[in-house]
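Chains, contacts and geometry: an overview
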Amino acid sequence: MEELPITKNMIKTVYLAKPRGFCAGVNRAVASVEAALKHFGSPLYVRHQIVHNHHVVADFEKRGVVFVEELVQVPSGCRVIISAHGAGPKVYKEALKRQLHVIDATCPLVTKVHTEVKQAVQNGYFVLYIGHRGHPETEGVLGEVPTDMITLLETKDDAKQVAPLQTEKLIVLSQTTLSFDDTQEIMTVLENRFPNLTKPSAADICYATQNRQKAVKALTEKTPVILVIGSKESSNSNRLKDVASAAGAYAYLIDDISELHPQWLESTSSVGITAGASVPEYVITQAVNYFTNQGAAVEEINTVTEAAITFTLPKELYESA
Ligand code: SF4
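Residues numbered from 1 in each chain as written. Predicted model: local features only at pLDDT ≥ 70, side-chain atom pairs only at ≥ 80, totals over all residues. Heavy atoms only, no water.

Around the ligand, a shell composed of Cys23, Gly25, Val26, Cys107, Leu109, Thr176, Thr177, Cys206, Tyr207 and Ala277 is seen. Grouping the amino acids of the shell around the ligand by side-chain chemistry returns seven nonpolar, three polar and no charged. Each of two domains, domain 2 (24-107) and domain 3 (109-193), supplies a minimum of three residues to the shell around the ligand. (Near = heavy atom within 4 Å. Nonpolar A, V, L, I, M, F, W, Y, C, P; charged D, E, K, R; others polar. Domains from an automatic or database assignment.)

Next up, the structure:
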């Protein structure tokens, strides 16, 4: 990495969020590509970025992995991995038609929401789905059921205006990587409007998203400036920035420390660092080292003790290993 300018104002303390960085779903997706490379070699295709992180993607690209947005870009008969964000049934049908060997690295917590949506519609419910239009996870989930049985809500205003086909059997579900607080606000609007509204038994916003949001909130009590490490496409990283900003901090989303603007730190002697669920630990370490090399001390702020969750690799890897 290029040498960065020394910050004018010396940072004395780096507050480092815990938990931060890789979650169980990202670990599984990255390990799936590693295992597929090892067992099958090239050519290996991945539909969409395996996880939304430029460093992870660039590293795999260097090793011969080809990332595509549509399966039509994958030659017939080749092997393709579905990214952690999942995909709708159309994608799997197309893969079958084109005789592609699919390795499904969809995070099991995303799969859980796909299942909830399908079961809800089978049981006669109309689904209100809170998510971001255009995000691959949202697109995949919406594709599971007929379009007249589900409505996407992105904002509180959407929740105020939505007019579902029926309100007797109505359920609200959500993308896994949203802001917990914003989603609760949308839910409250819906609950006030629709007394029969059913909520999922367990939160759709995943444990990793919730824990990282609690952790970044705790950082804002320590320091006014927060660096959120993560790529611009990463939903959960963007939400960490939003949560920090909503708590009153100056929050900046950077892919790595080379994107730091020293003027962000001109009026502070401390800085908080966290990272989205798709950021490798070495990128976080580089950022921390940048400050410790200039004499800063590091204090880890441990907010939530995260259970050591691991997901087994996709069955297609076992079957072919
Ligand atoms: S952020 Fe949550 S839903 Fe997304 S991959 Fe990680 S554990 Fe799975």
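After presenting the structure, the write-up continues.
Taken as a whole and judged by the stated rule, the model has 16 salt bridges. Asp157 is the partner of Lys160 in a salt bridge, and the nearest nitrogen-oxygen pair spans 3.8 Å. Here Lys160 pairs with Asp157, and both are found in helix α6 (residues 156-161), just three residues apart, close to one helical turn. For Lys160, a relative accessible area of 47% gives the class partly exposed. Two residues, Asp181 and Lys217, come together in a salt bridge whose shortest N-O distance is 2.8 Å. (Salt bridge = Lys/Arg side-chain N within 4 Å of Asp/Glu carboxyl O. Helix = DSSP H or I, 4+ residues; strand = E, 2+ residues; numbered from the N terminus. Buried < 20%, exposed > 50% of the residue type's maximum accessible area, 1.4 Å probe, protein only.)

The next thing to look at is the environment of Pro108. Inspection of the secondary structure assignment puts Pro108 in helix α4 (residues 108-122). The class of Pro108 is partly exposed, set by a relative accessible area of 28%. Sequence separation of Pro108 and Thr188 is 80 residues, and the distance between their C-alpha atoms is 27 Å.

A regular strand places its side chains so that they alternate between the two faces of the sheet. By the criterion of burial, strand β6 (residues 126-130) is predominantly enclosed, with five of the five residues buried. By the alternation rule, side chains of β6 split into Phe126, Leu128 and Ile130 and Val127 and Tyr129, which are all buried. Sheet topology note: the β6/strand β8 (residues 170-174) ladder contains five bridges and is parallel. Residue pairing across strands places Ile130 opposite Ser174, the latter belonging to β8. As paired strands, β6 and strand β7 (residues 150-153) are joined by four bridges and run parallel to one another. Looking at β7, one finds that Leu128 is bridged to Thr151. As a crossover connection, the stretch from β6 through helix α5 (residues 136-142) into β7 is right-handed. (Pairing = 2+ DSSP bridges. Right-handed = clockwise from strand over helix to strand, strands pointing away.)

In this section: the domain arrangement of the chain. Looking at the chain, the domain boundaries give domain 1 (13-22 + 207-302), domain 2 (24-107) and domain 3 (109-193). The interface of domain 1 with domain 3 comprises nine residues on the first partner and 10 residues on the second. Both faces combined, the contact of domain 1 with domain 3 buries some 720 Å², and carbon together with sulfur accounts for 51% of it. Where domain 1 meets domain 3, there are one salt bridge. (Contact = heavy atoms within 4.5 Å. Buried area = accessible area lost by both parts, 1.4 Å probe.)

This brings us to helix α1 (residues 24-40). Counted at 1.5 Å a residue, the expected span for α1 with its 17 residues is 24 Å, and the 24 Å between its end C-alpha atoms agrees. What α1 keeps buried is the set Ala24, Gly25, Val26, Arg28, Ala29, Val30, Ser32, Val33, Ala35, Ala36 and Leu37. (Expected span 1.5 Å × (residues − 1).)

This brings us to the sheet that holds β7. Read across the sheet, three strands follow the order β7-β6-β8 without closing on themselves; strand pairing throughout is parallel. Each end of this open sheet is capped by a strand with a single partner; those strands are β7 and β8. Between one strand axis and the next, the sheet turns through 25 degrees on average, direction left out of account. Packed on one face of the sheet, helix α7 (residues 180-193) meets β6, β7 and β8 and runs near 150 degrees to β6. (Axes fitted to C-alpha atoms, helices over the stretch in contact; angles between N-to-C directions.)

For the rest of this paragraph, the subject is the nonpolar core. If you look at the biggest cluster of nonpolar residues, it comprises 27 residues, and the most contacted ones within it are Val33, Ile50, Val51, Phe60, Val65 and Ile81. Counting residues per element, this core draws most heavily on α1, which supplies eight residues. Of the residues that make up this core, three or more belong to each of domain 1 (13-22 + 207-302) and domain 2 (24-107). Non-local contacts of Val51, meaning those with residues more than four positions away in its chain, are made with Val26, Ala29, Val30, Val56, Val57, Ala84, His85 and Ser278. By size, the runner-up hydrophobic cluster in this structure holds 23 residues, among which are Ile11, Val225, Val283 and Ala296. (Core = buried A, V, L, I, M, F, W, Y, C linked by side-chain atoms within 4.5 Å.)

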